[in-house]
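# Breakdown of the fold
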Amino acid sequence: MPNRWIPYVKVLVHLACLTPFLVLLQQWRSGGLDLEADPVAYITHFTGDWALWLLLVSLGVTPVRRLHARLSNLVRFRRMLGLYAFFYASLHLATYIFLFSGYDIQTAWAGLKHGHLGVLWTQWRAVWPSVWDDLTKRRFIQVGLLAWAILLALAVTSPMFMLRRLGGKNWQRLHRLVYVAGIAGCIHYWWLVKVGVRTPWKDTAALTVLLLARLVWVAMKRKRAARVA
């Protein structure tokens, strides 16, 4: 891909990554979500699916770019895809906190319109006991929160000035945790669905292929280094 195409392709990638969110927003505004049996569950699965899919696509950038030298500039899209994965993961978490846990959004919004910022904290204190109870009892929430925390750390340290501040090696060590986030995301999916449901197998298979590609690359790199030595 010629470098002069990069800005135009980035626009297309932005549009592609934002389209699911815009579709969901349009469904909510048009009342389409009211037709779902469980709108909150629909939003939860929708945002979770896109978070995991985009995370897997971002992980796939590196092995694909290694296939040919002409694909090397694909790496310039990896950070963007990772940030969109974090965006949908954050929507996934926000759905649980603000829609599933019983957070009174209408009361909070009414308070904000009257300048009462404390209503946000009041509503959070009201739902915190149930959130904490879920966190301590439901393992799929625990592993899902771990995946989100890793993506948060990677998003915060993604700018170039953070790379310079952390140093190249430390930055690389931290960002290798993206594979842990992928594993945690798949485990979260498996533990979320009912026993006997095999829906997460496709995501797990894709992640397995990406992890194997990573291991093969590391083995080949070490073998070449040994030959040079």
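Residues numbered from 1 in each chain as written. Predicted model: local features only at pLDDT ≥ 70, side-chain atom pairs only at ≥ 80, totals over all residues. Heavy atoms only, no water.

### With respect to a positive patch on the surface
Where we set the bar: Residues with no salt bridge and a relative accessible area higher than 30% make up the patches, which join like charges within 9 Å and nonpolar side chains (Val, Leu, Ile, Met, Phe, Trp, Tyr) within 5 Å. All accessible areas in this document rest on Shrake-Rupley with a 1.4 Å probe, and a residue is counted as covered only by the protein chains that are shown. Each reported salt bridge corresponds to a side-chain nitrogen of Lys or Arg within 4 Å of a carboxyl oxygen of Asp or Glu. Counting rule applied: Lys, Arg positive; Asp, Glu negative; His and chain ends not counted. The atoms used to mark charge sites are NZ of Lys, CZ of Arg, CG of Asp and CD of Glu. The way it works is that DSSP assigns letters per residue, a run of H or I at least four long becomes a helix, a run of E at least two long becomes a strand, and they are numbered from the N terminus. Accessibility here uses a 1.4 Å probe with only protein chains present; expressed as a share of the type maximum, an area under 20% marks a residue as buried, one over 50% as exposed, and anything in between as partly exposed.
Where like charges cluster on the molecular surface, the positive patch consists of Arg66, Arg78, Lys169, Arg173, Arg176, Lys221, Lys223, Arg224 and Arg227. Secondary-structure elements contributing two or more residues to the positive patch are helix 8 (168–175) and helix 10 (201–228). With four residues, the top contributor of residues to the positive patch is helix 10. In this fold, Lys221 is placed in helix 10. Judged by relative accessible area, Lys221 falls into the exposed class, the value being 53%.

### Some thoughts on the pattern of salt bridges
Going through the model one piece at a time under the given rule, you end up with two salt bridges. When the shortest N-O distance is used, the salt bridge between Lys137 and Asp133 registers 3.2 Å. Residue Lys137 and its partner Asp133 are located together in helix 5 (residues 118–137), separated by four residues, close to a single helical turn. According to the relative accessible area criterion, Lys137 is exposed, its value standing at 64%.

### Focus: the packing of helix 1 (residues 6–30) against helix 2 (residues 39–65)
Heads up, the rule is: Note on definitions: angles span 0 to 180 degrees between N-to-C directions of axes, and those axes are lines fitted to C-alpha atoms, for helices only across the stretch in contact. Working definition: roughly parallel below 35 degrees, roughly antiparallel above 145 degrees, roughly perpendicular at 65 to 115 degrees, and oblique for all remaining angles. Contacts are assigned to residue pairs with any non-hydrogen atoms lying within 4.5 Å of each other. Here the term charged refers only to Asp, Glu, Lys and Arg, the term nonpolar to Ala, Val, Leu, Ile, Met, Phe, Trp, Tyr, Cys and Pro, and the term polar to all other amino acids, Gly among them.
For the pair helix 1 and helix 2, the least separation of the axes is 11 Å and the interaxial angle reads 175°. The orientation of helix 1 relative to helix 2 falls into the category roughly antiparallel. Along the contact surface, helix 1 presents Cys17, Pro20, Leu24 and Gln27, while helix 2 presents Tyr42, Ile43, Phe46, Thr47, Trp50 and Leu54. Within the contact of helix 1 with helix 2, the residues separate by chemical class into eight nonpolar, two polar and no charged.

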